[in-house]
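Below are the chains, spelled out letter by letter.
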Amino acid sequence: MRVVGGYAVVVTDRLRECRDFYAGRLGFAVVFEADWFVLLDGGGVAVAFMRPEHPSAPPSPGPHTGDGAFLTVQVTDVAAEYEALRAGGVRFALPLTDEPWGQRRFGLVDPAGQWVDVVEQTDPEPGWWDPYIP
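**Student:** So what about the side chain of Thr 97? Which residues, and what values?
**Tutor:** Checked against the element boundaries, Thr 97 lands in strand 6 (residues 94-99). Side-chain polar atoms of Thr 97 contact the backbone oxygen of Pro 95, separated by 2.7 Å. Discounting chain neighbours no more than four positions away, the residues touching Thr 97 are Gln 103, Arg 104 and Arg 105.

**Student:** Account for the sheet that holds strand 6, naming residues and giving values.
**Tutor:** Taking strand neighbours across the sheet as the criterion, the four strands line up as 5-8-7-6 in an open arrangement whose pairing is mixed. If you trace the sheet from one side to the other, it starts and ends with strand 5 (70-74) and strand 6, each paired once. When strand polarity is set aside, the average angle formed by the axes of neighbouring strands in this sheet is 25°. As paired strands, strand 5 and strand 8 (residues 115-121) are joined by five bridges and run parallel to one another. Bridging from a neighbouring strand, Thr 72 pairs with Asp 117 of strand 8.

Cut-off values and rules
- Residues numbered from 1 in each chain as written.
- Predicted model: local features only at pLDDT ≥ 70, side-chain atom pairs only at ≥ 80, totals over all residues.
- Heavy atoms only, no water.
- Helix = DSSP H or I, 4+ residues; strand = E, 2+ residues; numbered from the N terminus.
- Polar contact = N/O pair within 3.5 Å; in protein donor to acceptor, adjacent residues only side chain to side chain.
- Contact = heavy atoms within 4.5 Å.
- Pairing = 2+ DSSP bridges.
- Axes fitted to C-alpha atoms, helices over the stretch in contact; angles between N-to-C directions.

Here is the structure:
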């Protein structure tokens with residue numbers, strides 16, 4: 001297989017709200033939009049939203065319920081992004097947090113119920129990864 005690209009598709013009726021969230025709040029560009037599908041590009045990560053009743057939808061899955069998946073968006077300055085979103089009135093599912101495994105992050109939930117983990121890589125606490133690396 002020669003992969004040339006890819007993106008996750010979230011099945012939801014909330015296409016416009018998701019478009020506005022990703023384009024308006026997170027700076028994604030709308031690559032393609034129709035009344036049944038919208039594809040957004042964040043410059044290294046892409047995501048799409050599709051109405052469940054469209055004939056091109058696969059037989060499964062059904063509409064997204066928010067469980068079992070999340071989207072990670074890596075940025076260069078997560079604190080600045082957090083402050084900009086906070087100043088814009090965004091509600092956070094996880095406040096700005098420093099994690100011992102080497103991430104500074106915050107969490108949002110998009111209008112489809114999809115968790116969005118916004119992260120910046122940092123140095124892990126000494127020895128944190130030792131039990132996980134052979």
